[in-house]
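# Examination of the molecular architecture
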Amino acid sequence: DRLFFSLTDGDGQSEHLLPVCEDETCQRSAIYLTKLGLDQWIPVLQDFRNKDTVWGFVPYQNDKSSTEISFPITLHIGDYNMDGYPDALAILKNTSGSNQQAFLLENVPCNNVSCKSVRRMFKVFWELSDLNQIKDAVVATFFDIYEDGILDIIVLSKGYSNKDFAIHTLKNNFEADAYFVKVIVLSGLCSNDCPRKITPFGVNQPGPYIMYTTVDANGYLKNGSAGQLSQSAHYALQLPYNVLGLGRSANFLDHLYVGIPRPLGEKSIRKQEWTAIIPNSQLIVIPYPHNVPRSWSAKLYLTPSNIVLLTAIALIGVCVFILAIIGILHWQEKKADDREKRQEAHRFHFDAM
């Protein structure tokens, strides 16, 4: 069993997720959750039955004499459908057979009494045909292959022998035009003393925490948060940035907070706030100098969505329609002027007689 951090119920606080095997052979598996204010672990997934087949986590084999490579139980967190509630990828094994596959665990509203206090739970997508075609999967994680803010899936599976592996990539075909914001917090360091007038970008660092507040499509306040590179062991395979789903609300982010770890003994909080962040954008935060948050800088890169293209097409269509109407009216006015001139030329001027 391993601990993972995730924003599960959309209240702006991160929770602890604990995937466990309740027996040695993982015949009974579960995922538990706890957070600040709870004094117990709440089950958010216990039903691993698909029709007549029972699945469970793959037990970790700690036998050093075995030639087969064993992977620890690992959840990989990512907002697959960008609804603001992070989903998960897990490797499950058929308890009555030898097949093991990668499955998507969708974050959905709780529908039973056991998880009522946390309001959310995980639901296994059993019928994703693309994932089901990959047999003997050992690791699955999220990855933004096309750098478009939509998380795709990478699966590592066994080959013909225990030492051979194959990598599979699955494109996310989620069609809803949901919105996101991608945030990466750099280290703000140089390899040596930074020359003057050069911004010390550095590289992505572990430990920063990102939180945002916005208003959803129904007018309710919505919070979200995530930690950057919160895990470094057990095949974490985390992205160097955070993709925060915003759902189908195209509203600006009212506030976006970024905080970085502080040295031991320091009491001042290293946190900065930015306002009115555009959806479907990437924010690169440069925390330099570390101890002066008001001097931190941020660079915003916009990623247009499909609705921008549709809006442009509609705008161009309206302009063409208006121009057509103007052209028709101008042509009719010109015809009327020509007819009036001909009538004027043939008119008998009695005043001239």
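Here, every reference points to the structure presented above.
The notes below deal with the structure included here. (Residues numbered from 1 in each chain as written. Predicted model: local features only at pLDDT ≥ 70, side-chain atom pairs only at ≥ 80, totals over all residues. Heavy atoms only, no water.)

## Things to note about the sheet that holds strand β16 (residues 221–227)
Spatially, β16-β15-β18-β19 is the arrangement adopted by the four strands of the open sheet, whose pairing is antiparallel. Edge positions in the open sheet fall to β16 and β19 (271–277), since each of these has one partner strand only. Strand after strand, the sheet turns through a mean of 15° between neighbouring axes, direction not considered. Alignment of strand β15 (residues 209–215) against β16, held across seven bridges, turns out to be antiparallel. Considered in β16, the bridge of Thr 213 is made with Asn 223. (Pairing = 2+ DSSP bridges. Helix = DSSP H or I, 4+ residues; strand = E, 2+ residues; numbered from the N terminus. Axes fitted to C-alpha atoms, helices over the stretch in contact; angles between N-to-C directions.)

## Here's the deal with the pairing of strand β2 (residues 15–21)
Consecutive side chains of a regular strand alternate in pointing toward one face of the sheet and then the other. A large share of β2 lies buried, amounting to five of its seven residues. In the sheet, β2 pairs with strand β3 (residues 29–34) via six bridges, with the strands oriented antiparallel. Bridge assignment links His 16 to a residue of β3, and that residue is Thr 34. (Buried < 20%, exposed > 50% of the residue type's maximum accessible area, 1.4 Å probe, protein only.)

## Quick notes on the packing of aromatic side chains
Inspection of every chain in the model, using the stated rule, returns six aromatic pairs. Taken together, a centroid distance of 6.3 Å and an interplanar angle of 90° make the contact between Phe 71 and Phe 165 edge-to-face. Highlighted residues: Phe 71 in the loop between β6 (53–57) and β7 (76–78) and Phe 165 in strand β13 (residues 165–170), separated in sequence by 94 residues. Relative accessible area serves as the criterion here: at 13%, Phe 71 is assigned to the buried category. Taken together, Trp 55, Phe 103 and Trp 126 form an aromatic cluster joined through their ring pairs. Its guanidinium or amino end placed over the ring of Tyr 241, Lys 182 lies 4.5 Å from that ring's centre, counting from NZ or CZ. (Phe/Tyr/Trp six-rings, centres within 6.5 Å; stacked < 30°, edge-to-face > 60°. Lys NZ or Arg CZ within 6 Å of the ring centre and 35° of its normal.)

## Remarks on unusual backbone geometry
Keep in mind that most residues, glycine aside, have a negative phi and that most peptide bonds are trans. Looking along the chain, the bond that leaves Tyr 288 and enters Pro 289 is cis, with omega of -10°. Positioned with a positive phi, Leu 237 is a non-glycine residue whose angle comes to about 50°. Topologically, Leu 237 is positioned in the loop between β16 and β17 (242–247). Positive phi, normally seen in glycine, also occurs at Ala 276, with a value near 55°. With respect to the helices and strands, the residue Ala 276 is situated in strand β19. Classification of Ala 276 by relative accessible area gives partly exposed; the value is 45%.

## A short note on the side chain of Asp 144
By the secondary structure assignment, Asp 144 is in the loop between β11 (137–143) and β12 (152–158). Among the residues examined, Asp 144 registers a relative accessible area of 0% and is labelled buried. Among the polar contacts listed, one links the side chain of Asp 144 to the backbone nitrogen of Glu 147, at a separation of 3.1 Å. Within polar-contact distance, the side chain of Asp 144 engages the backbone nitrogen of Asp 148 at 3.2 Å. Here Asp 144 is in contact with Gly 149, Ile 150, Leu 151, Asp 152, Lys 182, Leu 239 and Tyr 241, once residues within four sequence places are set aside. (Polar contact = N/O pair within 3.5 Å; in protein donor to acceptor, adjacent residues only side chain to side chain. Contact = heavy atoms within 4.5 Å.)

## Side note on the nonpolar core
In terms of nonpolar packing, the biggest core is built from 25 residues, with Ala 102, Leu 131, Phe 142, Ile 153 and Val 155 touching the most fellow members. The set of elements that each furnish at least two residues to this core consists of β8 (87–94), β9 (100–109), β11, β12, β14 (179–185) and β20 (281–286). Sort the elements by how many residues they give to this core and β11 lands first, with three residues. Residues contacting Phe 142, with those up to four places away along its chain left out, are His 76, Ile 77, Gly 78, Tyr 80, Asp 87, Ala 88, Leu 89, Leu 104, Leu 151, Asp 152, Ile 153 and Leu 239. Grouped together as the second largest cluster of nonpolar side chains are 24 residues, Phe 48, Phe 57, Ala 88 and Val 118 included. (Core = buried A, V, L, I, M, F, W, Y, C linked by side-chain atoms within 4.5 Å.)

Nothing here speaks to function; it is all geometry.
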